[in-house]
Amino acid sequence: MRNLGDDIKMTVNNLTVSYIDEGPDEEPVIIFIHGFPFNKSMWTKQVEVLKENYRVVAYDVRGHGNSDTGNEDFSIELFVKDLLNFMDALNIDRTILCGLSMGGYIALNAIENYPERFDALILSDTHCIADTPEAKEKRLKTIESIKKDGVEKFADESIKNLFAPESFSKKKEEIAAVRDMIVNTTKESLYKTLRAFYERKETCSKLSEIKVPVLIMVGKEDKITPPVAAQLIHEKIKDSLLSIIEHAGHLSNMENPREFNKQLKKFVASVYSKAEN
Ligand code: MLT
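Calculation notes
- Residues numbered from 1 in each chain as written.
- Predicted model: local features only at pLDDT ≥ 70, side-chain atom pairs only at ≥ 80, totals over all residues.
- Heavy atoms only, no water.
- Buried < 20%, exposed > 50% of the residue type's maximum accessible area, 1.4 Å probe, protein only.
- Helix = DSSP H or I, 4+ residues; strand = E, 2+ residues; numbered from the N terminus.
- Arc of directions from axis to C-beta.
- Contact = heavy atoms within 4.5 Å.
- Expected span 1.5 Å × (residues − 1).
- Phe/Tyr/Trp six-rings, centres within 6.5 Å; stacked < 30°, edge-to-face > 60°.

Chemist: Can you tell me about helix 9 (residues 227-236), naming the residues and giving the values?
Modeler: Those residues of helix 9 that fall on the buried side of the exposure criterion are A229, A230 and I233. Each buried residue of helix 9 lies within a common arc of 100 degrees when the element is viewed along its axis, so the set occupies one face. Facing away from the buried side of helix 9 by over 90 degrees, the exposed positions are V228 and E235. Where helix 9 is buried, its residues meet strand 6 (118-124), strand 7 (214-219) and strand 8 (241-245).

If you want it as structure tokens, here you go:
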């Protein structure tokens, strides 16, 4: 077994990827993919509850946290290629993927193209649609305003939309942690990722082809990818499960980890026919 809590760095195809890899090697694997512009530390409370019984991996997507940015333009396809290269390097043949928002975009594109590599999906606070013309316009405006007003202002504006109203009084530590994640993301990475979202293709039309178990979770007060977006995914994936997380906005795993983890543990145990711990 590896040392718990180590932040590991590995070079995969000339890109240094930062990740954590915890729990017993021989157990089934769950890989966590964070949202934008955050990093793997947003999954701390999920890693804690799963690592006794599963191998749990959380990595920083290219340009986020402690992973390199590289020279290429970003795209969801590039992020998926990174994920597959990373799984190969870690000798992970199959896994459950859990992605929040951008992590969900990556997970949905990955299963569309490499269905044989995934045992199940957990899609949190995400959606399957491409950016509408208005959303594309907003991406460009966001790039301009970061150039003009800086990352701190971008972080403060983003935070207003990320959390449920009650989290502003009850989840101050989490909000401070998220602010740190945002301000520590380079401008280059912010621009490249916003461009990747602008270019992103929809995945809704392929959802009916997903044949593995899927759990969809969404904060009841998610303003960015609201429950109606989760409902759409749920309707298109046969036998998928939908859980609306109370007392949470877009960052449901951080705002209500108790409920999120309850659903997560139950689902993962059911995929691998294990007793819940
Ligand atoms: C995220 O949390 O990953 C972002 O809200 C995704 C997006 O802006 O589309």
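Chemist: Break down helix 2 (residues 76-89) for me, citing the residues and quoting the values.
Modeler: Compared with the 20 Å implied by 1.5 Å per residue over 14 residues, the 20 Å span of helix 2 between its first and last C-alpha is a close match. When you tally the buried positions in helix 2, you get 10 out of 14 residues, the bulk of the element. Listed in full, the buried residues belonging to helix 2 are I76, L78, F79, V80, D82, L83, L84, N85, F86 and M87. N91 occupies a position one or two residues after helix 2 and carries a positive phi of about 60 degrees.

Chemist: Quick rundown of the packing of aromatic side chains? Include the residues and the values.
Modeler: If you walk through the whole model with that rule in mind, you get nine aromatic pairs. Arranged with centres 6.4 Å apart and planes meeting at 45 degrees, the rings of W43 and F260 form a pair that is tilted. Here W43 is found in the loop between strand 3 (29-33) and helix 1 (44-50), whereas its partner F260 is found in helix 11 (residues 257-271), with 217 residues between them in sequence. With respect to class, W43 is no different from F260; both count as buried. Aromatic pair Y105 and F197: ring centres 5.4 Å apart, planes at 90 degrees, arrangement edge-to-face.

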